[in-house]
Amino acid sequence: MSHTDYASFYRRSIDDRDGFWAEQARLIDWQRPFDRVCNYDNPPFARWFEGGLTNLCHNAVDRHLATRADQNALIYVSTETGTERAYTYRELHTEVQRMAAILRALGVQKGDRVLIYMPMIPEAAFAMLACVRIGAIHSVVFGGFASHSLATRIDDAAPKVIVSADAGMRAGKVVPYKHLLDEAIRLSRHQPQRVLMVNRGLAPLDPVAERDVDYATLREAHLQAQVPCEWVDSTHPSYILYTSGTTGKPKGVQRDTGGYAVALAASMRYIYMAQPGETYFSTSDIGWVVGHSYIIYGPLINGMATIMYEGTPIRPDAGIWWRLVQDYRVTVMFTAPTAARVLKKQDPAYLTKYDLSSLRALFLAGEPLDEPTATWMAQAIGKPVIDNYWQTETGWPILAVCNGVEPAPTKFGSPGKAVYGYDVRLIDENTGEKITEPNRKGVIAVQGPLPPGCLQTVWGDDERYVKTYWSSIPGRQMYSTFDWGVRDADGYYYILGRTDDVINVAGHRLGTREIEESISSHPAVAEVAVVGVADALKGQVAVAFAVLKDPARAATEADALKLEGEIMKVVDEQLGAVARPARVRFVSLLPKTRSGKLLRRAIQAVCEGRDPGDLTTLDDPSALQQIRDLVQPPSA
Ligand code: ATP
Ligand code: MG
């Protein structure tokens, strides 16, 4: 591939789709070859590598045994419990078979769902791999979710077995899980047959008779277990994963087996430039899509060691991640802009304290990467900081710089170009026409079929899949990302925010994201959220909530008003008076989801005195309370 330029590599992926992906399919093992690369007879449903038999666990674990049995596969680091333990591929294989035997003994069969509600512990990885090993479908639910959100997912996925643990830990505090799980099962209509509990000795377990079983005891009984991989059709579902719920009710993304394995294997090579035998470190959580694709499956399919990290970026100090890079010779690292912003508030000396020479690049995804954070990070660690854009639905990047195909510059503020396999289009939202000229704003859409690895459907609801994702572009059936973007003359895209984050001020349509970017350019501002609030006169007005780098700048009411005026002036100058927010208020933190995304819809609801709706994904309720106190003073 070394002589390929990206433009022709990309073109071929679209123009000779089947030829291109048949080649990529060689990156994984097939027990029986596929008959058809892509069956798109029934759009928008794509069936990749139909007729092929494979297994995700085989590709992630077993097939490496011949060459890498004694190489590290899973490196577990918990700064919460002070644990650091590496599992070789051989050890991982053994543990996964034990877990698979336990699940089988609990009645789990091919196609059954297993819900995994766990902290970042190795048993969670064993459980995921054990499920796909026996053809069961896992549904990992982020361990920080409370009973209500867990119950919704139990009802939707209808698991036969739930795997859980007594507790997680966050910033030194034990977060007990068991009572949340018991309450969730009480709230749900569907009842699991069994609950497999891993006891970390952190919190009381109070087992429910006839239902709860102890992992350690069962593991003892299955120490010698040998559970061969169940060969499944390429299109057999491997997992269900619910979207973050930033914009509404979470959707159960259903992923296949063969297409996903091929897409991940190719992405390791072309996007992340990751080599077998190296160490990959993604700081995400198994509860999110990045955790599925780039903590567990991607690195393992690629024969790498993967670091599974339980803890925060700043404990015991802000050097912890870089210490791990040094100690495990990490070559590729993946985190979220939120985490980068957390580190930015710490002493930068921590970023140069360790030997980072092994590291090739730091990748970020999940939310917009603001230029100050990107520049700061790149300078602080002296490595390329590379943005990439994708969704839970797609499972791997839609927009990126594919340095593994052809080295290319990154442009600040842009996640890059359309990734091979994605026929990305910018669409005029009113006419549904394709935008061809540069620098004009449109909806980012993908002409079907979606490439391998993307969602097959919404779990149990084909109609919702078609209605939600493929029916919003006027006049044509096209996948909508529900994100705005522009493309420059070189083909680089810039994300301008979500399509539901657009406000209408006196007939002018404005993206809240553009206003946020303008406000962020004021040196006093660390972070900001802008929402549209109903206004009798103008339809909507923009209201901003800003976190200051130094809260003392708005210590008195007079200071706050002065700063508010300054910030409004910045917006006036950059975007014009129509975009000027009606108010700029100062808060100490912003309401975000547990995955670090701004919950604008909740802020907007509070500003309009409405019920903010489902808040189960909200990280810290006090953030919303601050806003409530500001906009609805107790006297009112
Ligand atoms: P829901 O769909 O339930 O509202 P969500 O969209 O937040 O939740 P995810 O799939 O985790 O759930 O997030 C995908 C979204 O995150 C993208 O559609 C985009 O809005 C945003 N995003 C992801 N990566 C980037 C990036 N590199 N730059 C800008 N935005 C990004
Ligand atoms: Mg989404």
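Residues numbered from 1 in each chain as written. Chains lettered and ligands numbered in written order. Predicted model: local features only at pLDDT ≥ 70, side-chain atom pairs only at ≥ 80, totals over all residues. Heavy atoms only, no water.

Observations concerning the UniProt feature "domain: Acetyl-coenzyme A synthetase N-terminal" (unreviewed entry) in the protein chain
Next up, step 1: The positions that UniProt labels "domain: Acetyl-coenzyme A synthetase N-terminal" (unreviewed entry) are, in the present scheme, residues 6-60.
Next up, step 2: This span, residues 6-60, is 42% helix and 27% strand, and a straight line between its end C-alpha atoms measures 28 Å. (UniProt positions renumbered as here; feature names shortened; annotations may be inferred. Helix = DSSP H or I, 4+ residues; strand = E, 2+ residues; numbered from the N terminus.)

Things to note about the pattern of salt bridges
Next up, step 1: A full pass over the atoms with the stated rule returns 50 salt bridges.
Next up, step 2: With a shortest N-O distance of 2.8 Å, Arg90 and Asp70 are connected by a salt bridge. Residue Arg90 is found in helix α5 (residues 89-105), and its partner Asp70 is found in the loop between α4 (65-68) and β4 (72-78); the two are separated by 20 residues along the sequence.
Next up, step 3: Since its relative accessible area comes to 43%, Arg90 is described here as partly exposed.
Next up, step 4: A salt bridge links Arg513 to Glu517; the nearest nitrogen and oxygen atoms lie 2.8 Å apart. Of this pair, Arg513 and Glu517 are both found in helix α16 (residues 512-520), four residues apart, which corresponds to roughly one turn of the helix.
Next up, step 5: Members of the salt-bridge network, linked through shared partners, are Arg341, Glu367, Asp370, Glu527 and Lys592. (Salt bridge = Lys/Arg side-chain N within 4 Å of Asp/Glu carboxyl O. Buried < 20%, exposed > 50% of the residue type's maximum accessible area, 1.4 Å probe, protein only.)

What about helix α8 (residues 178-187)?
Next up, step 1: Buried residues of α8: Lys178, Leu180, Leu181, Ala184 and Ile185, and no others. Burial along α8 is one-sided: seen end-on, the buried residues are contained in an arc of 160°.
Next up, step 2: The inward-facing, buried residues of α8 contact β6 (113-117), α7 (147-157), β8 (161-165), β10 (173-176), β11 (194-198) and β12 (212-214). (Arc of directions from axis to C-beta. Contact = heavy atoms within 4.5 Å.)

With respect to the sheet that holds strand β25 (residues 457-458)
Next up, step 1: One open sheet accounts for eight strands, arranged β12-β11-β8-β6-β7-β14-β15-β25; its pairing is mixed. Strand pairing shows two members of the sheet lacking a second neighbour, β12 and β25, which therefore form its edges.
Next up, step 2: Inspection of the sheet shows strand β15 (residues 252-255) paired to β25 by two bridges, in the antiparallel sense. Within β25, the position partnered with Val253 by the bridge is Val458. (Pairing = 2+ DSSP bridges.)

Overview of the site of ligand 1
Next up, step 1: Near ligand 1 lie 20 residues; those nearest to it are Gly245, Thr246, Thr247, Thr392 and Asp483.
Next up, step 2: A distance of 2.6 Å separates an oxygen atom of ligand 1 from a polar side-chain atom of Thr392.
Next up, step 3: For ligand 1, an oxygen atom lies 2.9 Å from a polar atom in the side chain of Lys597.
Next up, step 4: Alone, ligand 1 offers 640 Å² of accessible surface; in the complex the protein occludes 94% of this. (Near = heavy atom within 4 Å. Polar contact = N/O pair within 3.5 Å; in protein donor to acceptor, adjacent residues only side chain to side chain. Areas by Shrake-Rupley, 256 points an atom, 1.4 Å probe, with all protein chains shown as cover.)

Some remarks on the packing of aromatic side chains
Next up, step 1: For the coordinates displayed, the defined rule picks out 40 aromatic pairs.
Next up, step 2: With 5.5 Å between their ring centres and 80° between their planes, Phe142 and Phe145 make a pair best called edge-to-face.
Next up, step 3: Note on Tyr469 and Tyr479: the rings are 5.5 Å apart at their centroids and 15° apart in plane angle, and the pair reads as stacked. Taken together, the positions of Tyr469 in helix α15 (residues 462-469) and Tyr479 in strand β26 (residues 479-487) put the pair ten residues apart, joining distant regions of the chain. You'll find Tyr469 and Tyr479 in the same group, each marked buried.
Next up, step 4: Here the guanidinium or amino end of Lys411 rests over the ring plane of Tyr492, the centre of that ring lying 4.7 Å away. (Phe/Tyr/Trp six-rings, centres within 6.5 Å; stacked < 30°, edge-to-face > 60°. Lys NZ or Arg CZ within 6 Å of the ring centre and 35° of its normal.)

Points about the sheet that holds strand β5 (residues 83-88)
Next up, step 1: The mixed open sheet is built from seven strands, whose spatial order is β5-β4-β17-β16-β18-β19-β20. Looking along the sheet, the strands with just one partner apiece sit at the ends: β5 and β20 (385-387). Between one strand axis and the next, the sheet turns through 20° on average, direction left out of account.
Next up, step 2: Alignment of strand β19 (residues 361-364) against β20, held across three bridges, turns out to be parallel. Bridge pairing in β20 places Phe363 opposite Ile386.
Next up, step 3: α5 rests against β4 and β5 of the sheet, and its axis sits at about 90° to β5. (Axes fitted to C-alpha atoms, helices over the stretch in contact; angles between N-to-C directions.)

Some details on the environment of Asp15
Next up, step 1: Within the fold, Asp15 resides in helix α1 (residues 6-15).
Next up, step 2: Distance in space between the C-alpha atoms of Asp15 and Gly421 is 9.6 Å, their sequence separation being 406 residues.

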